[in-house]
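# Summary of the model geometry
Here is how the chains run, residue by residue.
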Amino acid sequence: MVRSIAAWTLALGALALTVSSALGQGAPEVTLTRLECGTGQDRRVNDRFSDTWSYGDLKVPFVFSCYLIKHGDDYMLWDTGQAMNAKGGVAPKVSVVDQLAQVGVAPEQVKYVGISHYHGDHTGQLASFPGATVLIGRGDWAAITAPKPAPGVNFRPFAHWISGGGKIEPLAADKDVFGDGTVVILNTPGHTPGHHSVMVKLKESGTYILVGDAAHFHENYQTNGVPTFNVNRADTIASIDRIKKIEKAHRATVIIQHDARDVEKLPPFPAAAR
Ligand SMILES: [Zn+2]
């Protein structure tokens, strides 16, 4: 009897060790940092962002953001913002590369660049990361590599990857980037054919969803509003619905990347949420 209790104690001890290493020290740290990736401006939303013209004269401050995700020793960028020479007063004041330098990250250290979709304000500085594997929706990649890309498809920053010089992974569905569920790219089509969002699970701060342009501002997210220039209305509403359900099930913090009111949901640069 004494012997069997001793054996049980040993077995339980071993189990406790296994569990603690699975939950604790062994798991890579994940952090999330917001980068300013363009110069914001006020926009009257009815002009382009509502196909039902539902918002009267509502104007919202529109920002441009991208994000650095650290997973252990690996870095992933989510979206690359406006180009440094973008016209119309929206060009960034500091490049993504220079912002990364401020947190001690060189462009060569960026293993993945996740692109929510092919528009110019999300792809402008992609060419600064030729060594990265680009993760982008299959529908968007097809539009980028079409013989004559449609207006609004910002294919030029992808030249290095189109030519075969860089690694590209077109996504047909979701993608668990690091295989441990902490960074999952979500298939949320509608704004563009291959539009994706990303869910990031942090140990202290909980789950975040960066929605790309699945919605551009709070009112559109709350009332299922659809911009006039989206490629598929039904897909847009289904994608907003999916994000809302994930938000509810995981008590997630939803960040609408263009909405200035969501900037403060993450610590101010260079601090990271963890
Ligand atoms: Zn867009």
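Residues numbered from 1 in each chain as written. Predicted model: local features only at pLDDT ≥ 70, side-chain atom pairs only at ≥ 80, totals over all residues. Heavy atoms only, no water.

## Regarding the overall build of the chain
Condition: Helix numbers and strand numbers start at the N terminus; a helix is a DSSP run of H or I with at least 4 residues, a strand a run of E with at least 2. The atom set for the radius of gyration is the C-alpha atoms, and the globule formula is 2.2 Å times the number of residues raised to the power 0.38. Three labels apply to residues, based on accessible area from a 1.4 Å probe with only protein chains included: buried if under 20% of the type maximum, exposed if over 50%, partly exposed otherwise in between. Note on areas: Shrake-Rupley with a 1.4 Å probe; residue coverage comes only from the protein chains shown. The charged-residue count follows a simple rule in which Lys and Arg add positive charge and Asp and Glu add negative charge, with His and chain termini not counted at all. For the purpose of locating charges, the reference atoms are NZ of Lys, CZ of Arg, CG of Asp and CD of Glu.
Of the regular secondary structure elements, the chain holds seven helices and 13 strands. Here the C-alpha radius of gyration of the chain, 21 Å, is about what a compact globule of 274 residues would show, namely 19 Å. Classification of the 274 residues of the chain by burial places 47% in the buried group. For the chain, the exposed area adds up to about 12,900 Å²; of that, 57% sits on carbon and sulfur atoms. Charged side chains of the chain number 26 positive and 26 negative; the gap between the two group centres comes to 3 Å.

## Re the coordination of the zinc ion
Rules: In this description, a donor is an N, O or S atom within 2.8 Å of the metal centre, a cutoff extended to 3.2 Å for sodium, potassium and calcium. Water is not part of the atom list, which can make sites seem incomplete.
Here the zinc ion is held by the protein donor atoms His117 (NE2), His119 (ND1), His191 (NE2) and Asp213 (OD), which lie 2.1 to 2.3 Å from it. All donors to the zinc ion come from one chain, and their sequence spacing reads H-x1-H-x71-H-x21-D. Taken together, the residues span a long stretch of sequence, with histidine 191 in the loop between strand S10 (183–187) and strand S11 (196–202) and aspartate 213 in the loop between strand S12 (206–210) and helix H6 (218–223) at a distance of 22 residues. In terms of burial, histidine 191 and aspartate 213 fall into one category: buried.

## Side note on the layout of surface pockets
We apply this condition: Using a grid of 1 Å spacing that covers the protein atoms alone, one calls a set of points a cavity when a 1.4 Å probe fits there but cannot get out, and a pocket when the set is open and has protein on both sides within 12 Å along at least five of seven lines; lining residues are those with an atom within 4 Å of a point. Grid points are joined across faces, edges and corners, and a volume is the space filled by probe spheres set on the points. Amino acids outside the nonpolar list (Ala, Val, Leu, Ile, Met, Phe, Trp, Tyr, Cys, Pro) and the charged list (Asp, Glu, Lys, Arg) are all regarded as polar, and Gly is one of them.
As a volume, the largest pocket reaches approximately 500 Å³. Forming the boundary of the largest pocket are 24 residues, of which Gln82, Val90, His119, Gly120 and Asp121 lie nearest the centre. Considered as a void within the structure, the second largest pocket measures approximately 230 Å³ in volume. Lining the second largest pocket are 12 residues; nearest its centre among them are Ala27, Pro28, Glu29, Val30 and Lys203. Split by residue class, the lining of the second largest pocket holds five nonpolar, one polar and six charged.

## A few points about the packing of aromatic side chains
Definition in use: The aromatic pairing rule takes the rings of Phe, Tyr and Trp, using the six-membered ring of Trp, and pairs them if the centres are within 6.5 Å, calling planes under 30 degrees apart stacked, those over 60 edge-to-face and the rest tilted. In this scheme, the term charge over a ring applies when either NZ of a lysine or CZ of an arginine sits within 6 Å of the ring centre and within 35 degrees of the ring normal.
Applying the stated rule across the entire model yields seven aromatic pairs. In this structure an aromatic cluster arises from ring pairing among Phe49, Tyr55, Phe62, Phe64, Phe217 and Phe229. In this structure, arginine 48 is placed above the aromatic ring of phenylalanine 229, and the distance from its NZ or CZ to the ring centre is 4.0 Å. Its end group placed over the ring of tyrosine 221, lysine 244 keeps NZ or CZ at 5.5 Å from the ring centre.

## Examining helix H7 (residues 233–249)
Selection criterion: One fewer than the residue count of a helix, multiplied by 1.5 Å, yields its expected span. Throughout, a contact is declared for two residues whenever any of their heavy atoms are within 4.5 Å.
Along its 17 residues, H7 runs 25 Å from first to last C-alpha, staying within 8% of the 24 Å computed at 1.5 Å per residue. Lining the buried residues of H7 we find S10, S11, S12, H6 and strand S13 (253–255). Residue arginine 251 follows H7 closely and has a positive phi angle near 45°.

## A short note on the pattern of salt bridges
Here is the rule: Each reported salt bridge corresponds to a side-chain nitrogen of Lys or Arg within 4 Å of a carboxyl oxygen of Asp or Glu.
Overall, the coordinates contain 12 salt bridges when judged by the stated rule. A salt bridge links glutamate 36 to arginine 34; its shortest N-O distance comes to 2.9 Å. Its salt-bridge partner being aspartate 259, residue arginine 261 comes within 2.8 Å of it at the nearest N-O pair. For arginine 261, a relative accessible area of 33% corresponds to the partly exposed category. For aspartate 259, a relative accessible area of 2% puts it in the buried group.

## Here's the deal with the state of the cysteines
The cut-off we apply is this: By convention in this document, the label disulfide applies to cysteine sulfur atom pairs within 2.5 Å.
Counted according to the given criterion, the structure contains one disulfide. A disulfide bridge connects cysteine 37 with cysteine 66, and the sulfur atoms are separated by 1.7 Å. Its torsion about the S-S bond being -75°, the disulfide of cysteine 37 and cysteine 66 is classed as left-handed. Taken together, the residues span a long stretch of sequence, with cysteine 37 in the loop between strand S1 (30–36) and strand S2 (41–44) and cysteine 66 in strand S4 (residues 65–71) at a distance of 29 residues. On the basis of relative accessibility, which here comes to 0%, the residue cysteine 37 falls in the buried class. Overall, the relative accessible area of 0% leaves cysteine 66 in the buried class.

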